[in-house]
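Each chain is listed here by its residues.
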Amino acid sequence: MSANIGFRLNRQKEIEFYTIPSFEETRIVKHGFTTRIGGASPHPFHSLNLGLNTEDNEENIVRNFETISDALEVPMDKMVLSDQVHGTNIRIITEDDGGKGLVKPMDFKEIDGLLTNVKGIMLFTFYADCVPLFFLDRAKKVAGVAHAGWKGTVAKIGEKMIKTMVSTYSSNPEDILVGIGPSIGTCCYSVKKDVHDQFNNNFINTIGIFSNQDIYTWQLDLWKANEIILKENGILSRNITISNLCTSCNTEKFFSYRNEQGNTGRMAAFIQLI
Ligand SMILES: [Zn+2]
């Protein structure tokens, strides 16, 4: 059995964002993946740049967060931001963390995955080609997001998220819904031997993950790699949804680090238990 395909495009006030149909059906979360539509930042960050570590003017970025806060009706002191380093550290977010990284200092470092069971807290991770992974345990009511570029994928941050949900919240993997969001697709993502070797070391087989371009270059499918990791850890195919949206093919909608030579903004994956 294969995963579900397709996220849904939503508009709320000025902003456009993608949601996962199976997550919407639970009615227990507000969630989404932002596009570049609806913000205040100028070229090359036009316009809804949410990357506080980009060269964009900080005033623009804060204004973009205010736009999101207004459109989603979530106060900024309920938002919690990640500190991404292409690692696999995961933080359990509590009520006290509200606003950290945005309206309060961030007192944690090197966090690529966030999990919470606190209603009202909205978790944020940031992207420009890397894979956003969304998690929702509809039985235990736990939500999370994780940043999985090739490094996070080969180090299996998806597996670590599931294991952390099981150990911290007693989640049953069969209750967990997962969304694999917009990112660079295999159509646009060629890699060299160093990356190919690391996948070969960490995966039992890489059939379906790579297709050969020539003897020195491979096309890497990060969606497939993450799907394999999720299934190996007990997530059911019918509970996985892949957006099938390539950021590099769609720069009118998405920021793409590769397509725009690094000079671009960041989108956000966000999730909040309601
Ligand atoms: Zn593409």
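Residues numbered from 1 in each chain as written. Predicted model: local features only at pLDDT ≥ 70, side-chain atom pairs only at ≥ 80, totals over all residues. Heavy atoms only, no water.

Per an unreviewed UniProt entry, the protein chain goes by Purine nucleoside phosphorylase and derives from Proteiniborus ethanoligenes. Under Sequence similarities (unreviewed entry), UniProt gives the following word-for-word description of the protein chain: "Belongs to the purine nucleoside phosphorylase YfiH/LACC1 family." Under the Function (unreviewed entry) heading, UniProt states for the protein chain: "Purine nucleoside enzyme that catalyzes the phosphorolysis of adenosine and inosine nucleosides, yielding D-ribose 1-phosphate and the respective free bases, adenine and hypoxanthine. Also catalyzes the phosphorolysis of S-methyl-5'-thioadenosine into adenine and S-methyl-5-thio-alpha-D-ribose 1-phosphate. Also has adenosine deaminase activity." (UniProt positions renumbered as here; feature names shortened; annotations may be inferred.)

Trainee: What's the story with the packing of aromatic side chains in this structure? I'm lost.
Mentor: Aromatic rings considered in pairs are described by the distance between their centres and by the relative angle of their planes. For the structure on display, the rule yields 12 aromatic pairs. Taking the centre distance of 6.4 Å and the plane angle of 85 degrees together, the rings of Phe23 and Phe134 count as edge-to-face. Remark: Phe134 occurs in strand E9 (residues 131–137) and Phe23 occurs in helix H1 (residues 21–26); sequence separation between them is 111 residues. Here the two residues Phe23 and Phe134 agree in accessibility, since each one is buried. The interplanar angle of 15 degrees and the centroid separation of 6.3 Å between the aromatic rings of Phe124 and Phe126 together place this pair among those described as stacked. Pair check on accessibility: Phe124 and Phe126 agree, each one buried. An aromatic cluster of at least three residues, connected via ring pairs, comprises Phe17, Phe65, Phe124, Phe126 and Phe270. (Phe/Tyr/Trp six-rings, centres within 6.5 Å; stacked < 30°, edge-to-face > 60°. Helix = DSSP H or I, 4+ residues; strand = E, 2+ residues; numbered from the N terminus. Buried < 20%, exposed > 50% of the residue type's maximum accessible area, 1.4 Å probe, protein only.)

Trainee: Just to check I follow, could you spell out the coordination of the zinc ion for this structure?
Mentor: Octahedral metal centres with six donors ideally show angles of 90 or 180 degrees, and tetrahedral centres with four donors ideally show 109.5 degrees. Here the zinc ion is held by Cys187 (SG), Cys188 (SG), Cys246 (SG) and Cys249 (SG), and the distances to it run 2.3 Å. Viewed at the metal, the 4 donor atoms of the zinc ion are separated by angles of 102 to 116 degrees, and the geometry they form is tetrahedral. When the donor residues of the zinc ion are listed from N- to C-terminus, their spacing reads C-C-x57-C-x2-C. Highlighted residues: Cys187 in the loop between strand E11 (176–180) and strand E12 (190–191) and Cys246 in the loop between strand E15 (240–242) and strand E16 (267–273), separated in sequence by 59 residues. Note on Cys187: relative accessible area 52%, which makes it exposed. Classification of Cys246 as buried rests on a relative accessible area of 5%. (Donors = N, O, S within 2.8 Å, 3.2 Å for Na, K, Ca; no water. Tetrahedral: all angles 85-135°; square planar, octahedral: opposite > 155°, others 65-115°.)

Trainee: Sorry if this is basic, but what is going on with the nonpolar core here?
Mentor: One broad rule of soluble globular proteins: the nonpolar side chains tend to lie buried together. In terms of nonpolar packing, the biggest core is built from 38 residues, with Leu133, Phe135, Trp150, Ile180, Phe199, Leu220 and Leu230 touching the most fellow members. Membership of the second largest hydrophobic core comes to 30 residues, among which are Tyr18, Leu114, Met267 and Ile271. (Core = buried A, V, L, I, M, F, W, Y, C linked by side-chain atoms within 4.5 Å.)

Trainee: What exactly am I supposed to notice about the side chain of Asn233 here?
Mentor: Turning to its location among the elements, Asn233 is positioned in the loop between helix H6 (222–232) and E15. One polar contact links Asn233 to Glu159, side chain to side chain, over a distance of 3.1 Å. When neighbours within four sequence positions are excluded, Asn233 is seen to be in contact with Glu159, Ile162, Lys163 and Pro173. (Polar contact = N/O pair within 3.5 Å; in protein donor to acceptor, adjacent residues only side chain to side chain. Contact = heavy atoms within 4.5 Å.)

Trainee: Where do I start with unusual backbone geometry in this structure?
Mentor: For residues besides glycine, phi is generally negative; the peptide bonds are generally trans as well. That bond from His43 to Pro44 is cis: its omega, 0 degrees, falls within 30 degrees of zero. With respect to the secondary-structure elements, Pro44 resides in the loop between strand E4 (29–34) and helix H2 (58–72). Between His46 and the following residue, Ser47, the backbone shows a cis peptide bond with an omega angle of -10 degrees. You can see Ser47 is positioned in the loop between E4 and H2. Positive phi outside glycine occurs at Glu73, with the angle close to 55 degrees.

Trainee: Any chance you could explain helix H4 (residues 157–169) here in plain terms?
Mentor: Since the α-helix advances by 3.6 residues per turn, residues separated by three or four positions end up pointing in the same direction. Over its 13 residues, H4 extends 17 Å from the first C-alpha to the last, a length consistent with the 18 Å expected when each residue adds 1.5 Å. Looking only at H4, the buried set comprises Ile157, Gly158, Met161, Ile162, Thr164, Met165 and Tyr169. Burial along H4 is one-sided: seen end-on, the buried residues are contained in an arc of 160 degrees. Ser170, located one to two residues past H4, shows a positive phi value of around 55 degrees. (Expected span 1.5 Å × (residues − 1). Arc of directions from axis to C-beta.)

Trainee: What am I meant to see in the sheet that holds strand E14 (residues 217–220) here?
Mentor: To summarise the sheet geometry, strands pair through backbone hydrogen bonds and adopt either a parallel or an antiparallel arrangement. Judged by pairing direction, the sheet is antiparallel, and its 3 strands sit side by side in the order E12-E14-E13 without closing on themselves. Either end of the sheet is taken by a strand with one partner, and the two such strands are E12 and strand E13 (210–214). Both E13 and E14 contribute to a ladder of 4 bridges, which runs antiparallel. Looking at the pairing, Phe210 lines up with Leu220 of E14. Running over the sheet, helix H5 (residues 193–202) touches E12, E13 and E14 and is turned about 60 degrees from E14. (Pairing = 2+ DSSP bridges. Axes fitted to C-alpha atoms, helices over the stretch in contact; angles between N-to-C directions.)

Trainee: Please clarify how the sheet that holds strand E3 (residues 15–19) should be interpreted in this entry.
Mentor: Ordered in space as E2-E3-E4-E16-E8-E5, the 6 strands form an open sheet in which the pairing is mixed. Of all the strands in the sheet, just strand E2 (8–12) and strand E5 (79–81) have a single pairing partner and so form its edges. Within the sheet, the average angular offset between the axes of one strand and its neighbour, ignoring direction, is 30 degrees. As defined by bridge partners, E5 adjoins strand E8 (residues 122–127) across 3 bridges and the pair is classed as parallel.

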